[in-house]
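Structural description and commentary
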There are 2 protein chains.
Amino acid sequence: MVNKKDDNQTEKAILEAADKVFTQKGFAAARMEDIAQEAGINRALLHYYFRSKDKMFDLIFQQRVSIFFSGLGQIMHSEKPLIEKIQAIVEHEITILLAHPYLPIFVLQELNQNPHRMLAIAENAGAHPSLLLKKFSVEVRAEIKAGTIRETDPAQLFMSIMGMAIYPFVARPVVKIILEKDDVGFESVMLQRKKEITDFIIHALKP
Amino acid sequence: MVNKKDDNQTEKAILEAADKVFTQKGFAAARMEDIAQEAGINRALLHYYFRSKDKMFDLIFQQRVSIFFSGLGQIMHSEKPLIEKIQAIVEHEITILLAHPYLPIFVLQELNQNPHRMLAIAENAGAHPSLLLKKFSVEVRAEIKAGTIRETDPAQLFMSIMGMAIYPFVARPVVKIILEKDDVGFESVMLQRKKEITDFIIHALKP
DNA sequence: TTTCAGTTTAACAATACAGTTAAATCAAGT
DNA sequence: ACTTGATTTAACTGTATTGTTAAACTGAAA
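Residues numbered from 1 in each chain as written. Chains lettered and ligands numbered in written order. Predicted model: local features only at pLDDT ≥ 70, side-chain atom pairs only at ≥ 80, totals over all residues. Heavy atoms only, no water.

All names here are of chain B. Structurally, Ile35 can be placed in helix 2 (residues 32-39). Under the relative-accessibility criterion, Ile35 is labelled buried at 0%. Remark: the alpha-carbon pair of Ile35 and Val21, spanning 14 residues in sequence, is separated by 6.1 Å. (Helix = DSSP H or I, 4+ residues; strand = E, 2+ residues; numbered from the N terminus. Buried < 20%, exposed > 50% of the residue type's maximum accessible area, 1.4 Å probe, protein only.)

Written out as structure tokens, the structure is:
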């Protein structure tokens, strides 16, 4: 019932190829031919598996977004103390982005072009994204009241955490040039960065 | 010698339109027709002024990149004390990005697709970008030796500064949803953010 | 009035691309 | 051997888009 490759091997190859091409080029610049070549097959078979470019893109995009935000919700809603939670967020984000370096620029670029997609996905995910920040804010304010951290706006703090962790990947080519690193060097800098960011935040929050 | 509009009025209108369309959609998704409509003219006149889409894009892109990095070099090479310099960088970046909110995602997305462009532009700009970091590093290490700031890796610090300032604009649609703000609200949050980031960094660097 | 650059209109050519299809091939299971 | 589904080949349709062109129009300047 199956040919050369076992069962859904081809489908998987296509999805991987589509992911790679869409992620690197974005929807508009991606060509079905590119995806086919990357998957080692031809255009006809692409349409045999996935009807249209749009359908393929929607699939990939949803997957990518969920990877991008995966785990984050879980960590944010966990019952860890604030500092540990921040540390977990930073480590989680950097780990994910080391495995998917082109993920954030892709997702953010496409979201910028179709902001409505964000809402659709958010609803799909169940909880409204602003709830993430709500719980975080309560915890930050509690620590401030308890005197364990300095007076800070929780939203601003949240943006700082995300910015420090994610931005280097978004600006990857610039960073590589300024730091004079190749891909390997970049990765090792990002590994160090996990601890660096956490330390930075801990000191910044000291009363 | 001139028609309805004075001299280079049209050229200016075209450049502004091209900037808007390219910046919002990226090169691949941008249509010459879009640009023409945005400029209030027709496609033919577009080619009358600028031969091709590529030529127009190159112009716009160079302009945008130079805006993105403009002033930064000047500040970095100034003789301000370190903390003031950091403060100046943050204020400068956020001020620029408030005026050009879609700038970073555009530049970074196109750079990710054509990293070689970065080098071309860098050379064009005269100085190698890594020199920016070199001077900064020396200054940071001097302050560390003098005991005025905590032991920190200069490159990591630099990425943190840039990330905190720039990332919210890159992730603008996400930020707006999580913070439940409209465009006006977003801008006011970013205005506050100037001081927030500087304070954050100052505290993080305290020995 | 004539001239001339800027501008519009309305085609056109050339290409690129998405999507479809029919027929042939191939590899495995029956 | 026959069947069946996966895959390729190769063509095709239709449309979007870039780029070009010729002709007409316009309004200011000479």
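What follows picks up the thread again.
The subject of this paragraph is the environment of B:Gln63. All names here are of chain B. Tracing the backbone through its elements, the reader meets Gln63 in helix 4 (residues 53-69). Accessibility expressed as a relative area gives 33% for Gln63, which makes it partly exposed. In this structure the C-alpha to C-alpha distance between Gln63 and Ile177, which are 114 residues apart in sequence, comes to 31 Å.

Before going further, it helps to spend a moment on the packing of aromatic side chains. The geometry of an aromatic ring pair comes down to the distance between the two centres and the angle between the two planes. All names here are of chain B. Per the counting criterion, the structure on display carries 21 aromatic pairs over all chains. Consider the rings of Phe57 and Phe106, whose centres lie 6.0 Å apart with planes at 80 degrees: the pair is edge-to-face. Of this pair, Phe57 sits in helix 4 while Phe106 sits in helix 7 (residues 103-113); the two residues are 49 residues apart in sequence, bridging distant segments of the chain. Across this residue pair, the class does not change: Phe57 and Phe106 are buried. Above the plane of the ring of Phe27 lies Lys53, whose end atom (NZ or CZ) is 4.3 Å from the centre. (Phe/Tyr/Trp six-rings, centres within 6.5 Å; stacked < 30°, edge-to-face > 60°. Lys NZ or Arg CZ within 6 Å of the ring centre and 35° of its normal.)

Attention now moves to the domain arrangement of chain A. All names here are of chain A. Per the domain assignment, the segments making up chain A are domain 1 (1-60) and domain 2 (70-205). In this structure, domain 1 and domain 2 have C-alpha centres spaced 31 Å apart. Listed per partner, the contact involves seven residues of domain 1 and five residues of domain 2. If you sort the residues of domain 1 by the area they bury against domain 2, Thr23, Gln24 and Phe57 come out on top, with a joint share of 68%. Applying the counting rule to domain 1 against domain 2 returns zero salt bridges. (Domains from an automatic or database assignment. Contact = heavy atoms within 4.5 Å. Buried area = accessible area lost by both parts, 1.4 Å probe. Salt bridge = Lys/Arg side-chain N within 4 Å of Asp/Glu carboxyl O.)

Residues of chain A with pLDDT of at least 70 account for 94%, and the chain-wide mean is 89. Per-residue pLDDT stays below 50 along residues 1-6 of chain A; that stretch engages in two contacts with residues further than four places along the chain or on separate chains. (pLDDT = per-residue confidence, 0-100.)

It is worth spelling out the interface of chain A and chain B at this point. The partner chain B presents 57 residues to the 57 residues of chain A that form the contact. When chain A packs against chain B, close to 5000 Å² is buried across both sides, 71% of that on carbon and sulfur atoms. For the chain A face of the interface with chain B, the top three residues by lost area are A:Tyr167, A:Ile178 and A:Phe200, together amounting to 14%. Connecting chain A to chain B are two salt bridges. Notably, a salt bridge pairs B:Glu180 with A:Lys134, separated by 3.3 Å at the nearest N-O pair. Along the contact surface separating chain A from chain B lie 15 residue pairs in polar contact (both at pLDDT 80 or more). (Polar contact = N/O pair within 3.5 Å; in protein donor to acceptor, adjacent residues only side chain to side chain.)

Residues and elements named next belong to chain A. Of note, Lys194 is situated in helix 12 (residues 183-205). Glu91 provides the closest opposite charge to the buried, salt-bridge-free Lys194, at an N-O distance of 5.2 Å. Within the structure, the side chain of Lys194 is placed 3.0 Å from the side chain of Thr95, a separation counted as a polar contact. For Lys194, the residues in contact, after removing those within four places along its chain, are Val90, Glu91, Ile94 and Thr95. (Lys, Arg positive; Asp, Glu negative; His and termini not counted.)

Between chain A and chain B, the superposition needs a rotation of 180 degrees and an axial shift of 0.0 Å, giving an RMSD of 0.1 Å. Such a combination of rotation and displacement between the chain copies is what one expects of a two-fold axis. Looking at the rotation axis and the C-alpha trace of chain A, the residue lying nearest is A:Ala204, at 1.8 Å. Both copies share a contact surface, since 100% of the interface residues of chain A are interface residues in chain B too. (Least-squares fit on C-alpha atoms with pLDDT ≥ 70 in both.)

On to the pattern of salt bridges. Two side chains with opposite charge may pair up if their charged atoms get near one another. Residues and elements named next belong to chain B. Summed over all chains, the structure comprises 22 salt bridges over all chains. Where Asp34 meets Lys25, a salt bridge forms, and the shortest distance between an N and an O atom there is 3.4 Å. The class of Asp34 is partly exposed, set by a relative accessible area of 24%. The closest approach of N and O atoms between Arg172 and Asp183, which form a salt bridge, is 2.6 Å. Of this pair, Arg172 sits in helix 11 (residues 172-178) while Asp183 sits in helix 12 (residues 183-205), placing them 11 residues apart in sequence.

Residue and element names in this part refer to chain A. Burial analysis of helix 11 (residues 172-179) places seven of its eight residues in the buried class, the great majority of the element. For helix 11, the set of buried residues is Arg172, Pro173, Val174, Val175, Ile177, Ile178 and Leu179. Positive phi appears at Glu180, one or two residues downstream of helix 11, with a value of about 55 degrees.

Our next topic: the nonpolar core. It is characteristic of soluble globular proteins that their nonpolar side chains tend to be buried jointly. Residues A:Phe136, A:Ile201, B:Phe136 and B:Ile201 are the most contacted members of the largest nonpolar core, which totals 141 residues. Excluding residues within four positions of it along the chain, B:Ile201 makes contact with A:Phe200, B:Ile86, B:Val90, B:Leu157, B:Ile161 and B:Met164. (Core = buried A, V, L, I, M, F, W, Y, C linked by side-chain atoms within 4.5 Å.)

Attention shifts here to unusual backbone geometry. If you check the backbone angles, A:Glu180 has positive phi at about 55 degrees while not being a glycine. For A:Glu180, the position within the fold is in the loop between helix 11 and helix 12.

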